[in-house]
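Structural characterization, general
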Amino acid sequence: MTLLELFKLLQKHLAMVIVLPVVLALATAGVSWGLMQNQYTATVSVYVLSSSSSEQNTIQNSDLSASQLIANDIAELANSDIVAERTAEELGMTSLAGYDISVNSSTTTRVIEISVESGEPQAAATVANKIAEVLSSVAQEVMGVESVNIVDEAKTPEAPSGPNRPMYTAVAFLAGLFLAVAIVVVMDMVNTRVRTPEEAEELLGVPVIGRIPKIKG
């Protein structure tokens, strides 16, 4: 099937090509705006202070590399079960199952960012700050670092960070458009009727010498 044939086929089923993407987009928009809860993200920044850097006034390159490796280890520790369990215990919660926690650690600095996403803005900030406090104590116990200091405390977010409703709607529209084109092409493939003189010539191998017009009434 050439592009011209596909274009003519889509023109023939233009209503489906337009209606199906619009219906899917409207349905997705209704679900995302009507049923999906707003999510809020609070971020706390911590700085890793290792024992070796505090004993010397000047930081050598080897010390800096070692501190960065320690920071990466502490970033992994922030995602551990022991930190999550202690945080939930100190907050009087059973678990942190309802919170989406992500940890970002750069390879060039000792600053670690801990982000907490929740449906309640104040809860997101409270959990993020408590994770930073618990992480400091656990890191000192487990890894022997001097401290994990909080640089910027998590503040209560004022605007939601998600869900990305416009993106969901746009994806649903494109998916509906692709589905409509696929349905039209499949319908054309399974239709074995001879619909044009060219198709008759191709199937029979003889030229068309006459046509009988369709008479209405």
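Everything discussed here concerns the structure shown above.
Residues numbered from 1 in each chain as written. Predicted model: local features only at pLDDT ≥ 70, side-chain atom pairs only at ≥ 80, totals over all residues. Heavy atoms only, no water.

So, helix H6 (residues 121-142)
Taking 1.5 Å per residue as the helical rise, H6 with its 22 residues ought to reach 32 Å, and the 31 Å between its terminal C-alpha atoms agrees with that figure. Once H6 ends, the next one or two residues include Gly144, with phi positive near 75 degrees. (Helix = DSSP H or I, 4+ residues; strand = E, 2+ residues; numbered from the N terminus. Expected span 1.5 Å × (residues − 1).)

Observations regarding the nonpolar core
Taken as a class, soluble globular proteins show a tendency for nonpolar side chains to be buried jointly. Counting 29 residues, the largest nonpolar core has Ile74, Val83, Ile112, Ile114, Ile131 and Leu135 as its most contacted members. Mapped onto this core, the elements with two or more residues apiece are strand S1 (40-49), helix H4 (61-78), helix H5 (81-90), strand S3 (111-118) and H6. For this core, the leading source of residues is H6, giving 10 residues. The residues contacting Ile131, other than those within four sequence positions of it, are Val83, Thr87, Leu96, Ile101, Ile114 and Val116. (Core = buried A, V, L, I, M, F, W, Y, C linked by side-chain atoms within 4.5 Å. Buried < 20%, exposed > 50% of the residue type's maximum accessible area, 1.4 Å probe, protein only. Contact = heavy atoms within 4.5 Å.)

Regarding the sheet that holds strand S4 (residues 147-152)
Strand order in the open sheet formed by 4 strands is S2-S3-S1-S4, and the pairing between neighbours is antiparallel. Looking at the sheet topology across the chains shown, the edges are occupied by strand S2 (100-105) and S4. Sheet twist, expressed as the mean angle between neighbouring strand axes with direction ignored, is 30 degrees. By the bridge criterion, 5 bridges tie S1 to S4 in an arrangement that is antiparallel. (Pairing = 2+ DSSP bridges. Axes fitted to C-alpha atoms, helices over the stretch in contact; angles between N-to-C directions.)

Without other data, these values stay purely geometric and don't point to any function.
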